[in-house]
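Below are the chains, spelled out letter by letter.
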Amino acid sequence: MVSPDFSLSVADCPLIQVEAWDGTLGQFESSLSAALGTGLPASVGETVRDKNLLIIRVAPRRLWLALDDGAQAPSLAIDPDLGCSVCLGEGRVRFSLAGADIASVLSTCIAVDWHAPTSAPGRAVQTSFHHVPVLLLRTGETSCDLVAPRSFARSLHDWLADG
Amino acid sequence: MARYSAFSIFRNALSGQKNWQRAWRAAEPKPSYDVIVIGGGGHGLATAFYLAENHGIRNVAVLEKGYIGGGNVGRNTTVIRSNYLLDGNTQFYEFSMKLWEGMSRALNFNVMFSQRGQLVTAHSADQLDGFGHRANIMRLNGIDADILDRDDVRRLVPYLDFSDTARFPIHGAIFQGRAGTARHDAVAWGYARAADRHGIDIIQNCEVTGFIRDGERIVGVETTKGRISAGKVGLAVAGHTSVLGAKAGLELPIESHVLQAFVTEPLKPLVDHVVAYGADHFYVSQSDKGGLVFGGNLDGYNSYAQRGNLGVVREVAEAAIALMPCISRIRLLRHWGGVMDMTPDASPIICPTPIDGLYLNGGWCYGGFKATPASGWCFAHTIATGKPHPLIAGYGLDRFRTGHTLDEAGVGPSAWLQ
Amino acid sequence: MNVQNKRLPGGGRIDRSYPVEFSFDGQKMAGYRGDTLASALLANGATLVGRSFKYHRPRGILSAGPEEPNALVTLGTAGRREPNLPATTLELDDGMVAESQNRWPSLAFDVQSVNGLFAPFLSAGFYYKTFMGPTRRAWKVYEHFIRKAAGLGRAGTEPDPDRYVVRHAFADITIVGGGPAGLSAARAAAAAGARVTLIEQDFLLGGQLLAERSDGTAASWLNQVEAELKSFETVTLMKRTSAFGIYDGDVIGLVEQRDQVGPPRTGEARQTVTMLRARSIVFATGAIERPMVFANNDRPGVMLASAARTYLNRFAVLPGRKIIVTAANDGAWRTAFDCAAAGAEVTVADPRAAPPAALVAEAARLGITVRAATRIVDLHGGRAVRGATLAGPDGQFEAACDLVCMSGGWSPTVHLTSHLGIKPRYREDIDGFVPGAFPANRFGAGAMMGNYAAADAIEDGHRVGVEAASFCGKSAPAPAPSKLDLGETVTTMLRDVPSAQRGKAFVDFQMDVTTKDIELAHREGYESVEHLKRYTTLGMGTDQGKTSNFPALSAMAALRRSTVPETGTTTFRPPFTPVAIGALAGRATGHHFKPFRRTPMHDWHLANGADMLEVGVWMRPWFYNQSGADVNEAYVAEMRNVRQAAGLMDISTLGKIDLQGPDAATFLDRVYANGFAKLQVGRARYGVMLRDDGIVFDDGTTTRLAENRFFMTTSTAKAADVLSRLEFLLDTAWPELRVAVASVSDEWAAMSVAGPKSRAILAAAFSSLDISDEALPHMGAQEGEWKGRALRILRLSYSGERAYEIYVGATAGERLWSHLLEAGRPFDLKPYGVEALGALRVEKGHVAGPEIDGRTTLDDLGLGRMVVGKRSGFVGDVLRRRPALLAPDRQRLVGLECIEDGKRLRGGAILFLPGSKAHGHGRGRITSVTFSPERGRYVGLALLAGDVATEGSEVVAVYPMKAETVRARIVSPVFLDPQGERLHG
Amino acid sequence: MLRIECPCCGPRDHDEFRYGGDASVRRPAHDDPDPEAWYAYVYVRENPAGLHREFWQHVIGCRQWLVVERDTRNHVVSSVTFARTSQA
Ligand SMILES: Cc1cc2nc3c(=O)[nH]c(=O)nc-3n(C[C@H](O)[C@H](O)[C@H](O)COP(=O)(O)OP(=O)(O)OC[C@H]3O[C@@H](n4cnc5c(N)ncnc54)[C@H](O)[C@@H]3O)c2cc1C
Ligand SMILES: NC(=O)c1ccc[n+]([C@@H]2O[C@H](COP(=O)([O-])OP(=O)(O)OC[C@H]3O[C@@H](n4cnc5c(N)ncnc54)[C@H](O)[C@@H]3O)[C@@H](O)[C@H]2O)c1
Ligand SMILES: Cc1cc2nc3c(=O)[nH]c(=O)nc-3n(C[C@H](O)[C@H](O)[C@H](O)COP(=O)(O)O)c2cc1C
Ligand SMILES: [Zn+2]
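The rules behind these values
- Residues numbered from 1 in each chain as written.
- Chains lettered and ligands numbered in written order.
- Predicted model: local features only at pLDDT ≥ 70, side-chain atom pairs only at ≥ 80, totals over all residues.
- Heavy atoms only, no water.
- Helix = DSSP H or I, 4+ residues; strand = E, 2+ residues; numbered from the N terminus.
- Buried < 20%, exposed > 50% of the residue type's maximum accessible area, 1.4 Å probe, protein only.
- Polar contact = N/O pair within 3.5 Å; in protein donor to acceptor, adjacent residues only side chain to side chain.
- Contact = heavy atoms within 4.5 Å.
- Buried area = accessible area lost by both parts, 1.4 Å probe.
- Salt bridge = Lys/Arg side-chain N within 4 Å of Asp/Glu carboxyl O.
- Donors = N, O, S within 2.8 Å, 3.2 Å for Na, K, Ca; no water.
- Tetrahedral: all angles 85-135°; square planar, octahedral: opposite > 155°, others 65-115°.
- Near = heavy atom within 4 Å.
- Areas by Shrake-Rupley, 256 points an atom, 1.4 Å probe, with all protein chains shown as cover.
- Nonpolar A, V, L, I, M, F, W, Y, C, P; charged D, E, K, R; others polar.
- Phe/Tyr/Trp six-rings, centres within 6.5 Å; stacked < 30°, edge-to-face > 60°.

Observations concerning the side chain of Ser124 of chain B
Residue and element names in this part refer to chain B.
In step 1: Following the sequence through the fold, Ser124 ends up in the loop between strand E4 (118-122) and helix H4 (125-140).
In step 2: Given a relative accessible area of 15%, Ser124 falls into the buried group.
In step 3: A polar contact of 3.0 Å, which involves the side chain of Ser124, links it to the backbone nitrogen of Gln127.

See below:
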């Protein structure tokens, strides 16, 4: 759906989930940020962008490494005594939403306060969209991405599109 | 006390309605009773009535903390059916159905038992097979049951969603013609009046705050109106079973959960049956006053607040429209909640307890209104004889230890999932 | 076309440049933009607008707001038909078509008004006392007629074509009510720096100020404050919006009406429900005027005093020329003043012995007749009031009139503040209930707190506006609002003691509850207000007793010789005003009721003749049309093809869980009933999980991909529950285990190739892989790549044939599916659906949903042997040993074979022993059946009492719903290839 | 809507969470053979009218299991902690 005030597009969403064991978080993080050559988001909802890689903390011991389309996946050799990783990139899609109406469109989808600091540009919010778990990535003043499970993608897209 | 009849109404009309007497006396507690029933809901009042009617035990008091019928009997959606699957449940609820069929005349109080028929829609071949199984069990136990195909359903309730935008298309339904509804308040008042005629004291605004013991045995209760001693004490407090159970020192497998109910503005006749949605949580009937009375799922967390949350209100509205699109423009007038004692297998607990002199009637979950007469009948028997009535043999407290649970839904011991 | 004979030439807040046409009961009428339907009806001289619930008495317009009990109309036709709408809340719309209700054949002549004659018999609750005979079923007959007579409007039966939206919103401060109190609270809070949302149900702001002259000081105060508020962009003004409920979590439910003037934009929502989460709430909901109770006080032409004043000053309608104003308080005198000033002939009857001198003087100045110590005892006139009988110091006398304005005092609007269970508190000096104690984040101001005068309301509002803001951490200085003095004197109201020597004196106009009904309820012991309500239906109408609640309970208090606070109020419940159920559902209707879940191959199935089936929220192929004319033909053909050649099945809906960690094996060993610690890398194993109570929870396979990595599949239905359960055990029970679990259900497209030719097909499809039996034996696993996507092949069989489960990255699912069909064409590879899948597993004796019904144990399902040796310590192990679960006569899994030609088995049939009476619950039941091409007859799985479940013996399967009885032989549940040669061959 | 403040995601509507029931009951060790202990854990509930320790999982969020302290009479939530770190 495209209008001067709102646009919506869909793309694949290359994604790697990494997780530390309870108790090994510290070591895990230092070795991970060394491997990636960048700092990590400190708390859930924070993100760190490094070139074409977006690092999101989705749980206290869990991070998502989201790759821009076409980007090369970082080679991670995670010490099994510290944690593990699993690829989630096939099972998610990324909706990109933009436009002046975005806040009012989203208000009919998710219970997130668009103006709250916790959803300011650069922040990530996991929430429920019509009973489906989605990750909201606030990309700008009037833009955001929604990362959603592939099996639900078409239903959610229809919901957004005839909003 | 004057019998109710068309004639008595006529006679009183001529005398300006001035000669009616109280439906039940405003009784104050005596120092002692043979039996004290705690809880002036449907079950407590029915129990008192049958203690006198069936067992000649008349020195009985019903203690109600508020006004009688103020609990779940006064706030439920009044669906009465006997379409149970499991051995033990089937017979009990059919016995109850038979008592309903004679209740108004037995009590000389019109409880408006309306056998308008209940149907539950099926939304897949498998679900319809499941209903077939249930209907077979019902027929084999002498209970009326029918299986309807999509066209039958359409003929019966054309206003349901048969369009191709229906998210879960209707394949058919199970139907029980003898099922229906009753005027909930009248059930409480009718039993109260009939019990009162037997000399039973119905004492309102009298909250039980504790139990009086003689050694191990319970010999009375502490109340906001003082100490009252009793030969036997029957507990029938529905959603508050745990609260009083704890005072008596009972360990109970019960959680209190809230279920909401809803009513629309009064309308001319629209829904002539009880209709339940097989694909989600929604069921509806129309009260004689004209309101569509409907309900849905539990709020889903322990609660002693007689109110529900807005999320469930919306879910029920969504399900309502999914089943009957024309309800969309009808307006919700009022919604409320009731606190119920949920058990791990969604079946009731009604039995003597390990504590001498204390008898338990609870755990009715969201299904106890239909059970009211049979529950009172069997509980009275249990209190009078000290032994469980055969029809409730399966409803003992020990069944969770032994594994003899009666889990109709098969969802397991999480009360909030029942 | 009617003329607006009651409309004044000037004044009011209507837009005379915007005339509007509408019709009422087919009669064309005219009004203006800015009218309500009620004000326009009055302007057109329509006094009779409705019929009452029980006696069908003629009724007029009582109020000017949502408290209206009488003037209910139906709007719209077909799917848009909407009954029971108060004309007093309907913004007049061009072309509006309104119908009166509860009358037949016409409003003026209503057959059922004869009920009035039977009134003596239709006393409160009369139906509890009769209709019980002659037979048990008699009620069915009576009920038919009672239902017809009851109800108000008639609803449509067609789907609602309009659109609704549910929104989520957030605010620092929400202010409910746009009268002087709310406006000044909003102004103060905004000035202090808070984000404010102001909610007003009317289409104009101002509340009771709208009842003041539209050119006076009140109007200029209003304009000024409204302008101020518009200057803040932190202020959201929501008009036409009713706050219908306050819910736990400080969530406020709002329903907003579309601006009814002008045509709807296409696709625009008719109504919007907003779930507003506010940090702080200010209630400024005002007060509702009470009627007075005297004989025939329900006659058309009897109106609340403040309503008459609203019609006069806001709508420029003078509803009567010869007016009696009766009130026990000062406020109502202002109605008399304004009406007199507008040219009406006015009499004031005030029960008080000595009304304030100032009022009397002003009345004299305006030529108003004042009758002190005087009250109305009866009214005359049928469809419109013609005159009154009054009782004064020197006896009774008659007076002609065409309008009666009454005021029994005011009731603060405490509905919302009571929704969360906070009982209202009685305030002696105003003889009314105000909100009980507020929690720290909620405030009240103005008339709803009993502070009635506008000046006080404004001051009040300002104060709480500042407090609410500082609660939200905003405390910039807020300049005081400009003053407004209406010269109101608010004296303590003299309680209006309901009196009805003769005739009917109505307390609840809509439900037709009179003082006599209340006396009867009291006489019969229904003396608790809650019993009173339920016995008489008082306050149970569409208006929820907004005007009747207080008069009723003060009447009951008098009868009980107790006080109003002792008597108490009934419980206030949401919604404050009725809400369309469609508005609450918003867009979650039709296909959007629940989201669809689609597999990566979904489009292929649709494009290739699949008949789809809802399985939970998933869509799955049931069968493929090319396989047969209907499902029964198709599934057998698809089965045959699997057994003879090979079939391809979309199994992407399986739950898939990735487990990793040093303790993953230990963890699995505890959650599965059968052991997993010793499973070799590269091998898969079927596993069963129990619930804590020892009942079977779910089954699936788990594959060991590496020492510390497993790949688990669950049933489609239980996927979410299993994952949550695993997480629960790790977070709460065994946090010391280092295991990570993640759902990869969406990650993988999954398909199974089953049948004797499956290996050949895989060999052709994956030339680069070695899928020889050595490299990939039964229960073996292999990982690889296909077109750059991860690939997993597990050699597992559900059908009993040699079979492979193939998992590939979801984005490549449809491509691989087509690729396999391509490669499989020479081998007759054909897709098959859920129905065939189910049939195949039955033939092989695999249990599924119908057997794993939440009541069966491992032993019941013949899976007891999975727990080898002295194995223990897994979930459910202890309670599965409870006596009842070990009883020898428990029903357990058997196979059944139909042994009567031309007959069939059915799932749901009840099993009896030959010769025993078919009654009760039988000894067991058939759970699943299929026609077995192998055996050439129907076979099935059943749960049968252990003490009679001996293979070879017979049972009778009874299916009363189809009057079927069929003999069956008990056999092994494995109908096909018991040795499992096919799995390898 | 109850509003539950997830320790890592912030305040959310309760329908983002999955209810897990009474958190005050002690789960026996996985290899505890005592039927009474398991019976008590699975079935016996205090079910207080008042403060209730209960499990909730932020299932449409961080997926952490939490322990919430809530008054069952008015739904006022007094504390929320991660189940892993809160000692029952
Ligand atoms: C919303 C809702 C819908 C329902 N729908 C149906 C339905 O359609 N069909 C159906 O069959 N069932 C239904 N039920 C279930 C049914 O209402 C109950 O199972 C049944 O009413 C419980 O029995 P009761 O009438 O004795 O309970 P109650 O009426 O609750 O009686 C218990 C009484 O005990 C009193 N009490 C509590 N504590 C004390 C104390 N300490 N001292 C003195 N008195 C005390 C209470 O005040 C109350 O009056 C529904 C329940 C709810 C909440
Ligand atoms: N002189 C008297 O005896 C007397 C008595 C009562 C009232 N009054 C007048 O009443 C006014 C008091 O001011 P106030 O602001 O406290 O009350 P108000 O009645 O002026 O304002 C209350 C507003 O709240 C709105 N409202 C109520 N419930 C609502 C809901 N659930 N959702 C949305 N909107 C809702 C109403 O539509 C109304 O506009 C003064 O103008 C005063 O003159 C005078
Ligand atoms: C079957 C049934 C029908 C009802 N019909 C109405 C009705 O038409 N109007 C109304 O205001 N309330 C109706 N109610 C709701 C009651 O007013 C009341 O809310 C309910 O009994 C719970 O009591 P409470 O709200 O005082 O806690 C009905 C309740 C039931 C159980
Ligand atoms: Zn969280």
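Comments concerning the interface of chain D and chain C
In step 1: Across the contact, 27 residues belong to chain D and 29 residues belong to chain C.
In step 2: Considering only the surface of chain D that becomes buried against chain C, Arg27, His30 and Arg84 of chain D emerge as the three largest contributors, covering 30% of it.
In step 3: Across the contact surface, chain D and chain C share five salt bridges.
In step 4: Between Arg18 of chain D and Asp721 of chain C there is a salt bridge, and its shortest N-O distance comes to 3.1 Å.

Considering the interface of chain B and chain C
In step 1: Taken residue by residue, the interface counts 113 residues in chain B and 119 residues in chain C.
In step 2: Taken over both partners, the interface formed by chain B and chain C buries close to 9,900 Å², and the fraction arising from carbon and sulfur atoms is 57%.
In step 3: At the junction of chain B with chain C, the criterion picks out seven salt bridges.
In step 4: The closest approach of N and O atoms between Asp280 of chain B and Lys594 of chain C, which form a salt bridge, is 3.8 Å.
In step 5: Put simply, chain B and chain C have 64 residue pairs in polar contact (both at pLDDT 80 or more) between them.

Points about the coordination of the zinc ion (ligand 4)
Residue and element names in this part refer to chain D.
In step 1: Protein-derived ligands of the zinc ion (ligand 4) are Cys6 (SG), Cys9 (SG), His58 (ND1) and Cys62 (SG), with the metal-ligand distances lying across 2.0 to 2.4 Å.
In step 2: Each of the four donor atoms bound to the zinc ion (ligand 4) contributes to angles spanning 103 to 116°, and the resulting shape is tetrahedral.
In step 3: Here the donor residues of the zinc ion (ligand 4) share one chain and are spaced in sequence as C-x2-C-x48-H-x3-C. Of this pair, Cys9 sits in the loop between strand E1 (3-6) and strand E2 (10-13) while His58 sits in the loop between strand E4 (51-57) and strand E5 (65-71); the two residues are 49 residues apart in sequence, bridging distant segments of the chain. Judged on exposure class, the residue Cys9 and its partner His58 are both buried.

Re the site of ligand 3
In step 1: The environment of ligand 3 is formed by 18 residues, the closest being Lys289 and Arg334 of chain B together with Lys533, Gln544 and Arg573 of chain C.
In step 2: The environment of ligand 3 is shared, with nearby residues belonging to chains B and C.
In step 3: For ligand 3, an oxygen atom lies 2.8 Å from a polar atom in the backbone of Gly74 of chain B.
In step 4: In the model, an oxygen atom of ligand 3 is placed 2.7 Å from a nitrogen or oxygen of the Gln544 of chain C side chain.
In step 5: Protein burial of ligand 3: of its 610 Å² of free accessible surface, 96% is covered by the chains.
In step 6: Secondary-structure elements contributing two or more residues to the shell around ligand 3 are strand E16 (331-342) of chain B together with helix H12 (529-536) of chain C.
In step 7: The residue makeup of the shell around ligand 3, split by class, is five nonpolar, six polar and seven charged.

What about the packing of aromatic side chains?
Residues and elements named next belong to chain B.
In step 1: Within the structure shown, the criterion is met by 53 aromatic pairs over all chains.
In step 2: With 5.1 Å between their ring centres and 90° between their planes, Phe92 and Tyr93 make a pair best called edge-to-face. Judged on exposure class, the residue Phe92 and its partner Tyr93 are both buried.
In step 3: Summarising the aromatic geometry, the rings of Phe95 and Trp377 are spaced 5.5 Å apart at their centres and angled 80° between planes, so their arrangement reads as edge-to-face. Linking Phe95 in helix H3 (residues 89-107) with Trp377 in helix H9 (residues 372-385), this pair joins segments that are 282 residues apart in sequence.
In step 4: A relative accessible area of 22% means that Phe95 is categorised as partly exposed.

Examining the site of ligand 2
Residue and element names in this part refer to chain C.
In step 1: Around ligand 2, the structure places 28 residues, and the nearest of them are Glu200, Gln208, Ala243, Ala447 and Glu488.
In step 2: Take Gln201: an N or O atom from its side chain is 3.0 Å from an oxygen atom of ligand 2.
In step 3: Note that an oxygen atom of ligand 2 is positioned 2.6 Å from one of the side-chain N or O atoms of Glu488.
In step 4: Within the complex, 94% of the 850 Å² of free accessible area of ligand 2 lies under protein.
In step 5: At the level of elements, helix H4 (180-191), strand E11 (241-247) and helix H10 (454-471) are the ones that each hand at least two residues to the shell around ligand 2.
In step 6: Per-element tally for the shell around ligand 2: the top contributor is E11, with three residues.
In step 7: A per-class count over the shell around ligand 2 returns 14 nonpolar, twelve polar and two charged.

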